[in-house]
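Below are the chains, spelled out letter by letter.
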Amino acid sequence: MRIAFVLVVHPPHDERVWYQEAESLKKTGSQIHIISTRVENSELPNTYTFDDINLNKKEVIKRIFSFLKTIQPDVIICDNPIAILSAKKYKRIIKVNPPRIIYDITEWYPSKKNLRGISFIKKCIKIPALVFLSYYTSWFVDGFIFGECDKGTPFRIFFPWKKYIYLPYYADPNLIKVYPVKDISKECVFFYAGSLTQEKGFYSVLKVVMGCVEKYPDVNFTLQLISSDNLPIYPSHPGLKINKKPFLPFLPFCEEIGKADFFFDLRAIDIENTRCLPIKLFYYMAAGRPVIYSDLQAIKKAVPEIDQIGVLTDPKDAEGIASRIGYYLENPDYYKAQCNRARELAEQKYNWQSIEEGFIQFILGNGCS
């Protein structure tokens with residue numbers, strides 16, 4: 001089969017698409033092609049890319065349509081309503097054996113980033129328009145892939161006859177390098193990847209780290225940052241070293257993360273964030289280290305064992321979080337047990353291999369809910 005991923009939200013090298021979904025489908029002998037509007041060029045094979053930042057929606061649809069005519073796919077997997085409109089336009093010209101269209105929903109649409117920087121009045125206009133577009137285009141798909149239960153609920157209500165599959169964001173543990181658990185009572189490395197903004201929780205992370213530095217002066221702390229943002233001004237301290245690296249490609253990222261001792265994600269708890277499951281959680285789990293996360297509903301629903309591998313907390317409670325980290329520093333057996341449990345859960349339950357076959361069968365048309 002010829003299978004095309006049409007990515008309007010994600011780059012062609014997206015870890016879930018390129019390293020998991022596409023790789024699994026290749027095992028069946030299928031020809032995989034990726035169309036992405038997020039980058040101008042890509043060195044990946046069988047990819048068709050352009051940057052849509054200065055293009056109107058009609059031009060984006062037109063370009064994607066031209067690529068689909070070249071590929072002539074049997075299945076089109078879309079990540080966005082604009083991608084679906086492009087696939088619909090292509091499907092309309094195929095009279096014999098038209099392609100199946102699958103909507104892979106991993107993000108809210110509209111989300112906060114679709115509404116950022118516009119006035120309240122414009123938001124009141126844009127939100128209904130984007131919601132309408134999302135459900136209008138869903139009429140033309142043959143099935144849904146839901147990354148999370150909450151994101152799938154409204155589509156299951158409005159389109160109960162359409163086939164679907166739940167496909168969580170589990171990592172492939174084989175791609176994550178695991179390092180021995182070390183003594184953190186003398187040296188401790190914190191890890192944060194993402195935007196260095198208040199909304200993403202970076203300033204909360206910084207407050208927690210500074211709290212640990214002041215509370216445990218005998219420990220040499222390092223904060224490892226992976227971000228393309230400029231590092232803001234922060235209070236210096238002899239007990240803290242900050243290392244920052246720019247965006248890492250996926251495989252070097254998998255190689256790097258296991259060197260840390262704790263993983264942070266203290267994003268703000270709001271109506272959208274609490275219903276979004278952070279994808280990096282499963283990569284951190286596979287690295288075999290405790291996680292310090294905001295108390296999000298989506299995490300508790302998806303990983304009920306979360307207390308066995310880390311802490312869910314109020315991101316504003318810097319002092320309380322520092323005390324929780326202190327317990328790890330003072331109880332090495334407890335810390336090691338959580339490290340081992342995290343990797344164990346990744347290997348036995350929360351891994352790509354456990355859901356891979358269901359995904360393959362769904363895409364090839366042999367299985368679905």
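Above this text sits the structure in question.
Just so it is clear, the model here is predicted, and its values are computed rather than measured.

Draft legend 1. Here's a closer look at the sheet that holds strand β8 (residues 187-193). Across the sheet, which stays open at both edges, the six strands sit in the order β10-β9-β8-β11-β12-β13 with parallel pairing between neighbours. Where the open sheet ends on each side, the last strands, each with one partner, are β10 (240-245) and β13 (310-313). Pairwise comparison of adjacent strand axes, ignoring direction, gives a mean angle of 20° for this sheet. Where strand β9 (residues 220-226) lies against β10, six bridges are found, and the strand directions are parallel.

Draft legend 2. Highlighting the sheet that holds strand β3 (residues 47-49). As summarised here, the arrangement of the seven strands in space is β3-β2-β1-β4-β5-β6-β7, forming an open sheet in which the pairing is parallel. Strands with a single pairing partner mark the edges of an open sheet, and in this sheet they are β3 and β7 (163-166). Each strand of the sheet is rotated relative to its neighbour by a mean of 20°, with strand direction disregarded. Pairing analysis gives four bridges linking strand β4 (residues 75-78) to strand β5 (residues 100-105), with the strands arranged parallel. From the neighbouring strand, cysteine 78 faces β5, where its bridge partner is tyrosine 103.

Draft legend 3. Region of the structure containing a nonpolar patch on the surface. On the surface, Phe120, Ile121 and Ile125 cluster together into a nonpolar patch covering about 390 Å² of accessible area. On the secondary structure map, isoleucine 121 appears in helix α5 (residues 120-138).

Draft legend 4. Up close: the nonpolar core. Formed by 57 residues in total, the largest nonpolar core has its most connected members in Phe5, Phe191, Ile257, Phe282, Tyr284, Met285 and Ile363. Tallying contributions element by element places helix α9 (residues 280-287) first for this core, with seven residues. Sequence-distant contacts of phenylalanine 191, defined by excluding residues within four places in its chain, comprise Gln224, Ile226, Phe253, Ile257, Ala260, Phe262, Phe263, Phe264 and Tyr284. Membership of the second largest hydrophobic core comes to 33 residues, among which are Cys188, Ala318, Leu329 and Cys339.

Procedures and definitions
Residues numbered from 1 in each chain as written. Predicted model: local features only at pLDDT ≥ 70, side-chain atom pairs only at ≥ 80, totals over all residues. Heavy atoms only, no water. Pairing = 2+ DSSP bridges. Helix = DSSP H or I, 4+ residues; strand = E, 2+ residues; numbered from the N terminus. Axes fitted to C-alpha atoms, helices over the stretch in contact; angles between N-to-C directions. Patch = residues over 30% accessible without salt bridge, like charges linked within 9 Å, V, L, I, M, F, W, Y side chains within 5 Å. Areas by Shrake-Rupley, 256 points an atom, 1.4 Å probe, with all protein chains shown as cover. Salt bridge = Lys/Arg side-chain N within 4 Å of Asp/Glu carboxyl O. Core = buried A, V, L, I, M, F, W, Y, C linked by side-chain atoms within 4.5 Å. Buried < 20%, exposed > 50% of the residue type's maximum accessible area, 1.4 Å probe, protein only. Contact = heavy atoms within 4.5 Å.

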